[in-house]
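Read off the chains here:
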Amino acid sequence: MPVPSYHITCTRKELIARDVYELSFTKPEGFTFIPGKFVLFDIPLIENEKDIQTRALSIASRPEESELLFLVKLVPGGRLSRWIVEVLQEGTDVRIQGPFGNFLVDQKTMKDYVFIATGTGLAPFLPQIESLLLQGETRTIDLVFGVRHTADLFWTEKFLELERTYSNFHVHIALSDKEKNDHPHFCGRVQELLHAKQWELSQKNFYVCGSPGMIKDIKELCLSSWNVPKADLHFEAYI
Ligand SMILES: Cc1cc2nc3c(=O)[nH]c(=O)nc-3n(C[C@H](O)[C@H](O)[C@H](O)COP(=O)(O)OP(=O)(O)OC[C@H]3O[C@@H](n4cnc5c(N)ncnc54)[C@H](O)[C@@H]3O)c2cc1C
């Protein structure tokens, strides 16, 4: 079956943290998805617009919202990164394909949820967590979010607001730059924060998204130290 493709138009481009852009696009007629899915953007090379490659971005909005939201972390010299900085502006049209992916929340589980993100790996968790809470989920939902420095933080107030509204939702922020501790957050990596919490991790359902290195570490810890069954591990690596 051919992969469905759509044309979408940028309605907002905003730098929300160091090297992190939040992007809004029009939602095409008939485009439906489940939280956790990603789409492929057609990204031309700046020097030759006929040279097109695709780049994956997780959808950061909920299906019932009127626009599509994305988060992008710039990488030096990257094709998508350069296109966002140098070409993309309000009104730019782009072709996408999708939605794709199996990084979906298993609501049949009886276990509490732990969502672990580094950087823009937070993107699929916003619609997933908001959808769970809006649907009346009563199990405990812990979000562990890691970045290097306070300059890399974003969406903190959004998640703190959810924490104030829903007593079963908790957000935990880890800043790995240990040199600077002029903030109220945990100093260290997300792996260290999980150790420090002393949760019964074998009783949690894990969703992990972000850098491949962090995902490899968490996977090893889950399987070798924390006795988490494979069925309770869900990963999306931003390769
Ligand atoms: C399922 C999935 C979902 C994703 N969702 C998101 C998301 O929501 N948000 C997000 O920020 N990212 C996401 N990613 C990652 C994203 O798709 C891109 O891989 C990332 O943004 C980098 O793209 P880029 O085109 O800017 O860099 P690329 O052009 O792919 O380059 C990556 C790195 O390689 C270097 N490089 C490129 N070409 C060369 C070369 N010829 N020689 C040496 N070095 C080179 C670049 O300098 C750069 O450091 C996702 C990935 C996957 C697989």
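Up top is the structure.
Residues numbered from 1 in each chain as written. Predicted model: local features only at pLDDT ≥ 70, side-chain atom pairs only at ≥ 80, totals over all residues. Heavy atoms only, no water.

1. Regarding the site of the ligand
Then comes step 1: The full set close to the ligand counts 21 residues, and Arg55, Ala56, Pro76, Leu80 and Ser81 are the nearest of them.
Then comes step 2: One of the backbone nitrogen or oxygen atoms of arginine 79 is found 2.9 Å away from an oxygen atom of the ligand.
Then comes step 3: Here an oxygen atom of the ligand and a backbone polar atom of leucine 80 are 2.7 Å apart.
Then comes step 4: For the ligand, the protein covers 63% of the area, taking 970 Å² as the surface of the free molecule.
Then comes step 5: Here the ligand is seated within the largest pocket.
Then comes step 6: Counting residues per element, the ones that place at least two in the shell around the ligand are β4 (48-58), β5 (67-73), α1 (79-86) and β12 (233-237).
Then comes step 7: Among the elements that take part in the shell around the ligand, β4 stands out by supplying 4 residues, more than any other.
Then comes step 8: For the shell around the ligand, the per-class residue count stands at 12 nonpolar, 5 polar and 4 charged. (Near = heavy atom within 4 Å. Polar contact = N/O pair within 3.5 Å; in protein donor to acceptor, adjacent residues only side chain to side chain. Areas by Shrake-Rupley, 256 points an atom, 1.4 Å probe, with all protein chains shown as cover. 1 Å grid on protein atoms, 1.4 Å probe; cavity = no way out; pocket = protein on both sides within 12 Å on 5 of 7 lines; lining within 4 Å. Sits in = over half its atoms within 2 Å of the grid points. Helix = DSSP H or I, 4+ residues; strand = E, 2+ residues; numbered from the N terminus. Nonpolar A, V, L, I, M, F, W, Y, C, P; charged D, E, K, R; others polar.)

2. A look at the layout of surface pockets
Then comes step 1: Here the largest pocket defines a volume of roughly 1000 Å³.
Then comes step 2: Around the largest pocket, the lining is made up of 42 residues, and of these Lys73, Thr120, Gly210, Ser211 and Tyr238 lie nearest the centre.
Then comes step 3: Counting only elements with at least two residues in the lining of the largest pocket, the list comes to β4, β5, α1, β8 (141-147), α4 (190-197), α5 (212-225) and β12.
Then comes step 4: When the residues that make up the lining of the largest pocket are grouped by side-chain class, the tally is 18 nonpolar, 14 polar and 10 charged. (Points joined across faces, edges and corners; volume = space filled by probe spheres on them.)

3. What about the nonpolar core?
Then comes step 1: Counting 31 residues, the largest nonpolar core has Phe125, Ile129 and Phe159 as the members making the most contacts within it.
Then comes step 2: With 5 residues, helix α2 (residues 125-134) is the largest single contributor of residues to this core.
Then comes step 3: Setting aside residues no more than four positions away along its own chain, phenylalanine 159 makes contact with Leu122, Leu126, Ile129, Leu143, Phe169 and Val171.
Then comes step 4: Counting residues in each nonpolar core, the second largest holds 23 residues, with Leu23, Phe25, Trp83 and Leu88 among its members. (Core = buried A, V, L, I, M, F, W, Y, C linked by side-chain atoms within 4.5 Å. Buried < 20%, exposed > 50% of the residue type's maximum accessible area, 1.4 Å probe, protein only. Contact = heavy atoms within 4.5 Å.)

4. Observations concerning the sheet that holds strand β3 (residues 38-45)
Then comes step 1: Reading across the sheet, the 6 strands line up as β4-β3-β6-β1-β2-β5 and stay open at both edges, with antiparallel pairing between neighbours. Only two strands of the sheet have a single neighbouring strand rather than two, namely β4 and β5. Adjacent strand axes in the sheet meet at a mean angle of 40°, parallel and antiparallel pairs treated alike. (Pairing = 2+ DSSP bridges. Axes fitted to C-alpha atoms, helices over the stretch in contact; angles between N-to-C directions.)

5. Let's talk about the environment of leucine 194
Then comes step 1: Positionally, leucine 194 belongs in helix α4.
Then comes step 2: For leucine 194, a relative accessible area of 1% puts it in the buried group.
Then comes step 3: In this structure the C-alpha to C-alpha distance between leucine 194 and valine 114, which are 80 residues apart in sequence, comes to 9.9 Å.
Then comes step 4: The residues touching leucine 194, leaving out its near neighbours within four places in the chain, are Val114, Ile116, Val144, Trp199, Leu201, Ile218 and Trp226.

Such coordinate-based values are descriptive only and should not be taken to indicate function.
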